[in-house]
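Understanding the architecture of this molecule
In case you want the letters, here they are:
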Amino acid sequence: MYLLMMALLAWAIWRARRRLPDVAPLTEAPAADDLLCKLLNSWSALIMIGLFVLAGGSFLVDRQLARAEDPHALRVRITGSEWWWQVEYLDPDPSKQLVTANELHLPVGRATRVELRSNDVIHSFWVPSLNGKTDLIPGRSNYQTITPRRTGQWRGQCAEFCGLEHARMAMDVTVEDAAAFERWKAAQLAPARTPATAVEQQGQHVFLTSTCASCHTIAGTDAGGKVGPDLTHMASRRTLAASTLPTEPQALAQWIRDPHARKPGTNMPATDLPADQLTALVTYLMSLR
Ligand code: CUA
């Protein structure tokens, strides 16, 4: 199309030049025509410059986008479920791969390529301070690259209505410097803390013998459920139940006893335990830093 337009333009100029002797010289044109001519020429020049600036800008932005997808970017996979987020840090070395839930740690100034998936319905990943919204769609992967520019803590929120607890499908996002991020990652990669006291041991026993273990994983134990969040380092997170509750013993006990009171519709069943077993379980879970 461009070549055709240029060819037509060249032809028009060539024709006009050929006819030039027939028409009156430009200097004798009326003043109004002269002014119009100047205006039109300026306007054309303006459009030409504008187009060149836009083309140049587009070229530079393209290059920047391509650079943002560098192969050294951190790779994270976020999978949405009703109503929580599974967060996996991918690594070619399987021993450096880690799984957590409802929290995202990002190193400042480094690109992170986030793969977004869904287990059930359409969710949308949105951390208003860091990125735009991208949907998590069952059966496909969407991608987003985030390069955080300053450290801090932000709230991420599901931004696509996904059922009863859509509003309580939030995420705790921490942007930290590289050293702090590596420390966090190393701590998350460590196996779960072994129970140190009799109460913690009792708590672990309760966890492994009640319904907990069929839905949750605690690395290094027999609990390997995949339905709910990985709890290997549960107590290191600031919140429970996708940013619904603070990570503290009382809230955790309430959550285990009656999750539907705090999050109606949640797939976590109520677990009716004798008081001493509940206390032991909470003590054990709160030790999983
Ligand atoms: Cu998930 Cu709204």
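Before reading on, note that the structure itself is shown above.
Worth saying up front: this structure is predicted, and the values here are computed from it rather than measured.

1. What to know about the overall build of the chain
When helices and strands are counted, the chain shows 8 helices and 12 strands. For 289 residues, the compact-globule formula gives about 19 Å, and the C-alpha radius of gyration of the chain, at 30 Å, lies well above that figure. Structurally, the chain occupies a C-alpha span of about 110 × 35 × 30 Å along its principal axes. The burial tally for the chain puts 39% of its 289 residues in the buried class. Here the analysis covers contacts within the chain between residues at least 6 apart in sequence; of these, 58% occur between residues at least 24 apart. As displayed, the chain offers around 16,900 Å² of accessible surface, 60% of which is attributable to carbon and sulfur atoms. Of note, the chain has its 29 positive side-chain charges centred 6 Å away from the centre of its 28 negative side-chain charges.

2. Details of the layout of surface pockets
One number sums up the size of the largest pocket: a volume of about 610 Å³. Taken together, 35 residues make up the lining of the largest pocket; nearest its centre are H216, G228, P229, W255 and M268. Within the residue set of the lining of the largest pocket, elements represented by two or more residues are α5 (212–215), β11 (239–240), α6 (249–257) and α8 (275–286). Its residues assigned to classes, the lining of the largest pocket shows 20 nonpolar, 11 polar and 4 charged. Residues lining the lining of the largest pocket come from more than one domain, with at least three contributed by each of domain 1 (74–189) and domain 2 (198–286). Approximately 250 Å³ is the volume found for the second largest pocket. The wall of the second largest pocket is formed by Y2, M5, M6, L9, M48, L51, F52 and A55. Looking at the lining of the second largest pocket, the elements that each hand over two or more residues are α1 (2–19) and α2 (31–68).

3. Considerations on the sheet that holds strand β7 (residues 134–136)
An order of β4-β10-β9-β6-β7 is seen for the 5 strands of this open sheet, with the pairing classed as mixed. Looking along the sheet, the strands with just one partner apiece sit at the ends: β4 (103–107) and β7. On average, each strand axis in the sheet is tilted by 25° relative to the strand beside it, whichever way the strands run. Where strand β6 (residues 123–126) lies against strand β9 (residues 152–158), 2 bridges are found, and the strand directions are antiparallel. Each residue of the ladder has a partner; that of W126, found in β9, is Q157.

4. Notes on helix α4 (residues 198–209)
Owing to its 3.6 residues per turn, the α-helix brings residues three or four apart onto one side. Taking 1.5 Å per residue, 12 residues should reach 16 Å; α4 reaches 16 Å between its end C-alpha atoms and fits that length. On its buried face, α4 sits against α5 and α8.

5. Quick notes on the packing of α4 against α8
Between α4 and α8, the least distance of the axes is 7 Å, while the angle of their chain directions is 100°. In terms of orientation, α4 and α8 fall into the roughly perpendicular class. For the pair α4 and α8, contact is made by V199, E200, Q202, G203, Q204, V206 and F207 and by D276, Q277, A280, L281, T283, Y284 and L285, respectively.

6. Quick look at the pattern of salt bridges
A complete count under the given rule lists 6 salt bridges for this structure. Across the pair R117 and E115 runs a salt bridge whose closest N-O atoms are separated by 2.9 Å. Note that E165 and R168 form a salt bridge whose closest N and O atoms lie 2.9 Å from each other. Residue R168 is classed as partly exposed on the basis of its relative accessible area, which comes to 35%. Counted as one network, the salt bridges with shared partners bring together R77, E88, E115 and R117.

7. Some remarks on the nonpolar core
In terms of nonpolar packing, the biggest core is built from 26 residues, with F207, I218, L252, I256, L281 and L285 touching the most fellow members. Elements supplying a minimum of two residues to this core: α4, α5, α6 and α8. With 6 residues, the top contributor of residues to this core is α8. Apart from the residues within four sequence positions on either side, I218 is in contact with A192, F207, A223, L231, T232, Y284, L285 and L288. In this structure, L98, C158, C162 and M169 belong to the second largest nonpolar core, which totals 25 residues.

8. Looking at the pairing of β9
The side chains of a regular strand alternate, residue by residue, between the two faces of the sheet. Pairing geometry for β9 and strand β10 (residues 170–176), over 6 bridges, is antiparallel. Across the sheet, the residue bridging to G152 is V175, located in β10.

What counts and what doesn't
- Residues numbered from 1 in each chain as written.
- Predicted model: local features only at pLDDT ≥ 70, side-chain atom pairs only at ≥ 80, totals over all residues.
- Heavy atoms only, no water.
- Helix = DSSP H or I, 4+ residues; strand = E, 2+ residues; numbered from the N terminus.
- Rg over C-alpha atoms; globule rule 2.2 N^0.38 Å.
- Buried < 20%, exposed > 50% of the residue type's maximum accessible area, 1.4 Å probe, protein only.
- Contact = heavy atoms within 4.5 Å.
- Areas by Shrake-Rupley, 256 points an atom, 1.4 Å probe, with all protein chains shown as cover.
- Lys, Arg positive; Asp, Glu negative; His and termini not counted.
- Charge placed at Lys NZ, Arg CZ, Asp CG, Glu CD.
- 1 Å grid on protein atoms, 1.4 Å probe; cavity = no way out; pocket = protein on both sides within 12 Å on 5 of 7 lines; lining within 4 Å.
- Points joined across faces, edges and corners; volume = space filled by probe spheres on them.
- Nonpolar A, V, L, I, M, F, W, Y, C, P; charged D, E, K, R; others polar.
- Domains from an automatic or database assignment.
- Pairing = 2+ DSSP bridges.
- Axes fitted to C-alpha atoms, helices over the stretch in contact; angles between N-to-C directions.
- Expected span 1.5 Å × (residues − 1).
- Parallel < 35°, antiparallel > 145°, perpendicular 65-115°, else oblique.
- Salt bridge = Lys/Arg side-chain N within 4 Å of Asp/Glu carboxyl O.
- Core = buried A, V, L, I, M, F, W, Y, C linked by side-chain atoms within 4.5 Å.

The analysis is restricted to geometry; functional conclusions fall outside its scope.
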